[in-house]
Amino acid sequence: MSKNDYDPNSIEQEAQDYWAFHHTFEVREDLNTEKYYCLSMLPYPSGELHMGHVRNYTIGDVISRYQRMLGKNVLQPMGWDAFGLPAENAAIKNKLPPAAWTYQNIDDMRAQFKRLGFAIDWKREIATCHPDYYRWEQWLFVKLFKKGMAYKKKSFVNWDPVDNTVLANEQVVNGRGWRSGALVERKEIQQWFLRITDYAEELLTGLDKLEGWPDQVRTMQRNWIGKSKGIELRFSVKEDPTQQLTVFTTRPDTLLGVSYLALAPEHPLSHLASQEDPEIADFIEQCKNIKVAEAELATMEKRGIATSFHAIHPITGQTLPIYIANFVLMEYGSGAIMAVPAHDQRDFEFAQKYNLPVKPVIRPLTLSWDYSKEAFTEPGILVDSEQFTGLSSEEAFSAIAAHVESVGIGQKVTHYRLRDWGISRQRYWGAPIPIIYCDSCGTVPVPEHDLPVILPEDVVPQGTGSPLASLESFYATTCPHCGEPARRETDTFDTFMQSSWYYARYCSFDQNQAMLDDRARYWTPVDQYVGGIEHAILHLLYARFVHKLLRDEEILNTDEPFTKLLTQGMVLKDGAKMSKSKGNVVSPTAWIQQYGADTVRLFTIFAAPPEQSLEWSASGVEGAHRFLRRIYVFVEEIKTALRMYHPRDTHIDVQQLSQEQKDIRKQIHSVLKQANHDMERIQLNTVVSACMKLFNILTEVPSQDKNSVLLVHEGISILLRLLSPITPHFSHHLWRELNYGTDISKASWPKVDNRALKTDTINMVVQVNGKLRGEISIPIDADKKTIEETALMNPHIQKFLDEKQFKKIIIVPNKLVNIVL
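Because the structure is predicted, anything quoted here is derived from the model rather than measured.

Asks: Can you help me understand the overall build of the protein chain in this one?
Replies: The helix and strand tally for the protein chain stands at 27 helices and 34 strands. Counting only C-alpha atoms and orienting by the principal axes, one finds that the protein chain spans roughly 105 × 75 × 50 Å. Residues classed as buried in the protein chain amount to 53% of the 821 residues present. Taking the contacts inside the protein chain whose residues are at least 6 apart along the sequence as the reference set, 71% of them involve residues at least 24 apart. Just so you have it, the protein chain exposes about 36,400 Å², and 49% of that area is on carbon and sulfur atoms. Separation of charge centres in the protein chain, based on 90 positive and 103 negative side chains, amounts to 5 Å.

Here it is as structure tokens:
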């Protein structure tokens, strides 16, 4: 390899050694400098980076490096979301403790991250499976327990009877556990919860202030929180007047059209009905295996069974049948709904199937409607609704709400779809919940001085329930109140607990006396957060919630954790998302070895806008490498001429430039202006396009004189700084080679010279009798006479004049000249 060849491996190692030796990216708090906290969502330590990782963290790194060059105090940390089921599965497969697998993977991935040259402050590194991390979420939980914000209650869950664990909806595949294959049951067990619903309204209204978030994400969160206004009604049960069914409806205008009530299979009245009827008991047993993901509920067959109970309509006194239905969930609302088949399509389909009445009580304003074919679900005018007949739906809402409140059968209420956050997991590899159960004292929090409750790391799970439940050395303890033998909680925290506050712990990474300190107040909120759209709801919602809890504990001093959010697109291969299950994952390792980290970084940035999906392309990687090599070779060829000038001696005297050189400089700064605009709006792919345009301009500069050399000197300086956040090693090397400085990461971001964009001349079109005949270039301050003479003397115009005398010349300033013959 000749010395003029681009050797990325040696160049990148040289740059990384320089950054490590000088601690370039380690930062501390500086009240005199504007802070900028850029954070990419922490990865799960699977052991091997894929191109999705590379893209996500490269985008964050480009933003971080750009903000550094703007002169800000920039924090970009890294850590590991290290608890969770994948480690347990790997441990079962490999017959080793999850801890050993996890820590080895962290070491492997850290090395891969460093090879990519990310500007990370590695001294702040955290792993959520370390006791010095989860100790503090245990501490927060104890605080919340004492305030009543953390509580335990029975809740229906997806239960895998083989693995003896709760499954998320996504882990239920065709009604079976994704790992065991066993039929999943709906089971009621004791679970720990946090009262996120206490913050529902603030979580909802706070979205309006998050103007730096994508509208799509804010809409998803609004829908998940699901605020709705309606009335809550009480229906008496005819056969047992002591029983009352509470239902909530957002459409009180349809109240007079109720033809049946439907209960969740787990409802207490359903249980009572099953004791008297084996068919009902069998139906409820079948419903234990129903899917509960909302998308599946919407499309699955609606099934039900009649009970012997009847409800009394609270206004008409009419007797209504009560059914048990597979589409009614106990965890939403009261587990009972009022069904109005004429005005709800789901209720209509159920009524058709079971031959139940369809009673229209709303008519459209203009068109006619066939209620025997489908439900009319829009607002309209009430019919057959007793004293409310003739009211509009809007008017009826208020009138019926006032009526039910006045007679004591209901009230106006605001409901949220959001439910309290279930944080219990019946798994081993997670942070222990710091609770002790005592026969005498009941449920007792672990005293703060006894925290953390440490998870033993030498356990090899077998895949049948949590080993903690049978590990006496863990669960056997004494009550901190009475000193009698007691038992520890063996459930562990949901891993969302760890990821809901990690961004703040980076700021106080070495604090061992408190969860957070003043440094967290300095750095938070995160100025730019980068991560996948798949985390748009739960992770972001829980992080927002925990941030508000920490604010209310006076630990943090802002309302929201993330000011701006960028949700990057997926990396695709052959049109499909990369995943291990599909066997289409592309590892960056071989590509980095062949072409260098900068080439891989450049490809991921250039191939698509950050928010859009990126199609993996081997030829695209090769093209990115060719571009860097062209720059490298060009610099080597003109290096001697460029190095003749120290940066302080490279002032360009604009007055000495030829018109061609002025035009070239205008092009350079026009490209820079657009690049700066694109960088600010994080349209990074077009920043790369700007670099390509700029390089092409520089290769066309004739280099016969000093001014031409100085133009290239200025242009290369701008080009390397534009590329620096994207290809940091490459830019670092050439910056030093050309004597611009020792560290490009400390250089200032290039500024547009607006004087270069100004022009001495303007172009005006010339018409003859209103027809376009040519164009002239004139001084920008030319007077009317000069403009006329220039137009008349132009040889391209003269041939259309045919020596005729003109009648007049019309001039539209700075635009056109029209010669009228």
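Asks: Would you explain the side chain of Arg551 in this entry?
Replies: Secondary-structure assignment places Arg551 in helix α17 (residues 538–552). Residue class for Arg551 comes out buried when judged on its relative accessible area of 17%.

Asks: Where do I start with the sheet that holds strand β26 (residues 526–532) in this structure?
Replies: Backbone-to-backbone hydrogen bonds pair the strands of a sheet. The strands run either parallel or antiparallel. Pairing in this open sheet of four strands is parallel, and the strands run β2-β1-β26-β27 from one edge to the other. Two strands lie at the open edges of the sheet, namely β2 (73–75) and β27 (562–568), each paired on one side alone. Strand-to-strand twist in this sheet, taken as the mean axis angle between neighbours without regard to direction, amounts to 20°. As defined by bridge partners, strand β1 (residues 35–40) adjoins β26 across three bridges and the pair is classed as parallel. Residue Ser40 lies in a different strand from β26, and its bridge partner there is Val530. Packed onto the sheet, helix α2 (residues 51–69) meets β1, β2, β26 and β27 and runs at close to 170° relative to β1.

Asks: I would appreciate a short explanation of the nonpolar core in the present structure.
Replies: Note on soluble globular proteins: their nonpolar side chains tend to be buried together. Within the largest apolar cluster, 173 residues are counted, with the highest numbers of intra-cluster contacts made by Phe545 and Ile716. Setting aside residues up to four positions removed in sequence, Ile716 forms contacts with Phe634, Val635, Leu642, Leu698, Leu738 and Tyr740. Listed in part, the 39 residues of the second largest apolar core include Ile284, Ala342, Ile400 and Val404.

Asks: Got a minute to help me understand the environment of Arg630 in this structure?
Replies: Mapped onto the elements of the fold, Arg630 is located in helix α20 (residues 618–642). On the basis of relative accessibility, which here comes to 42%, the residue Arg630 falls in the partly exposed class. Spatially, the C-alpha atoms of Arg630 and Asp5 are 9.8 Å apart, while their sequence positions differ by 625 residues. When sequence neighbours within four positions are dropped, the list of residues in contact with Arg630 reads Phe695 and Asn696.

Asks: Got a minute to help me understand the sheet that holds strand β33 (residues 808–812) in this structure?
Replies: One open sheet accounts for four strands, arranged β32-β31-β34-β33; its pairing is mixed. Edge strands, defined here as strands with exactly one partner in the open sheet, are β32 (771–779) and β33. Averaged over all neighbouring strand pairs, the angle between strand axes comes to 25°, with direction disregarded. With eight bridges connecting them, strand β31 (residues 761–768) and β32 associate as antiparallel partners. Bridging from a neighbouring strand, Met764 pairs with Ile776 of β32. Sitting on the sheet, helix α26 (residues 784–793) touches β31, β32, β33 and β34 (816–820), and the angle it makes with β32 is about 130°.

Asks: Explain the pattern of salt bridges here, please?
Replies: For side chains of opposite charge, pairing can occur when their charged atoms come near one another. Tallied over the entire structure, the rule returns 38 salt bridges. Taking the shortest distance from any N to any O, the salt bridge between Arg251 and Asp253 comes out at 2.9 Å. Given a relative accessible area of 21%, Arg251 falls into the partly exposed group. Arg425 serves as the salt-bridge partner of Asp494, at 3.5 Å between the closest nitrogen and oxygen. A residue pair is termed long-range when its members are at least 10 positions apart, and Asp494 in the loop between β25 (492–493) and α14 (496–499) and Arg425 in strand β20 (residues 424–425) qualify at 69 residues. Like Asp494, the residue Arg425 is buried in the burial classification. Taken together, the salt bridges that share partners define one network made up of Glu202, Arg544, Lys548, Arg551, Asp552, Asp559 and Glu560.

Asks: Looking at this structure, I do not really get the packing of α20 against helix α22 (residues 684–699). What am I missing?
Replies: When two helices pack together, their arrangement is captured by the angle between the axes and the distance separating the axes. Direction vectors running N to C along α20 and α22 enclose 30°, while the axes themselves pass 12 Å from each other. Regarding α20 and α22, the two cross each other, and that crossing is left-handed. From α20, Phe627, Arg630, Ile631 and Phe634 reach across to α22, where they touch Cys691, Met692, Phe695, Asn696, Leu698 and Thr699. Across the contact of α20 with α22, the residue classes break down as seven nonpolar, two polar and one charged.

Asks: Is there a simple way to explain the packing of α20 against helix α23 (residues 706–723) in this structure?
Replies: Across the interface, α20 lies against α23 with an axial gap of 11 Å and an inter-helix angle of 145°. Relative to α23, α20 is oriented so that their crossing is left-handed. For the pair formed by α20 and α23, the contact residues are Phe627, Ile631, Phe634, Val635, Ile638, Ala641 and Leu642 on the first element and Val709, Val712, His713, Ile716, Leu719 and Leu723 on the second. Classifying every residue of the contact of α20 with α23 gives twelve nonpolar, one polar and no charged.

Asks: Please explain the pairing of β34 as it appears in this structure.
Replies: Every other side chain in a regular strand lies on the same face of the sheet, so the side chains alternate between the two faces. By the criterion of burial, β34 is predominantly enclosed, with four of the five residues buried. By the bridge criterion, five bridges tie β33 to β34 in an arrangement that is antiparallel. Among the inter-strand pairings, Ile811 is bridged to a residue of β34, identified as Val817. The antiparallel hairpin formed by β33 and β34 contains three residues in its connecting segment, where Asn814 sits at a positive phi of about 65°.

Cut-offs and rules
Residues numbered from 1 in each chain as written. Predicted model: local features only at pLDDT ≥ 70, side-chain atom pairs only at ≥ 80, totals over all residues. Heavy atoms only, no water. Helix = DSSP H or I, 4+ residues; strand = E, 2+ residues; numbered from the N terminus. Buried < 20%, exposed > 50% of the residue type's maximum accessible area, 1.4 Å probe, protein only. Contact = heavy atoms within 4.5 Å. Areas by Shrake-Rupley, 256 points an atom, 1.4 Å probe, with all protein chains shown as cover. Lys, Arg positive; Asp, Glu negative; His and termini not counted. Charge placed at Lys NZ, Arg CZ, Asp CG, Glu CD. Pairing = 2+ DSSP bridges. Axes fitted to C-alpha atoms, helices over the stretch in contact; angles between N-to-C directions. Core = buried A, V, L, I, M, F, W, Y, C linked by side-chain atoms within 4.5 Å. Salt bridge = Lys/Arg side-chain N within 4 Å of Asp/Glu carboxyl O. Left-handed = near helix turned anticlockwise from the far one by under 90°. Nonpolar A, V, L, I, M, F, W, Y, C, P; charged D, E, K, R; others polar.

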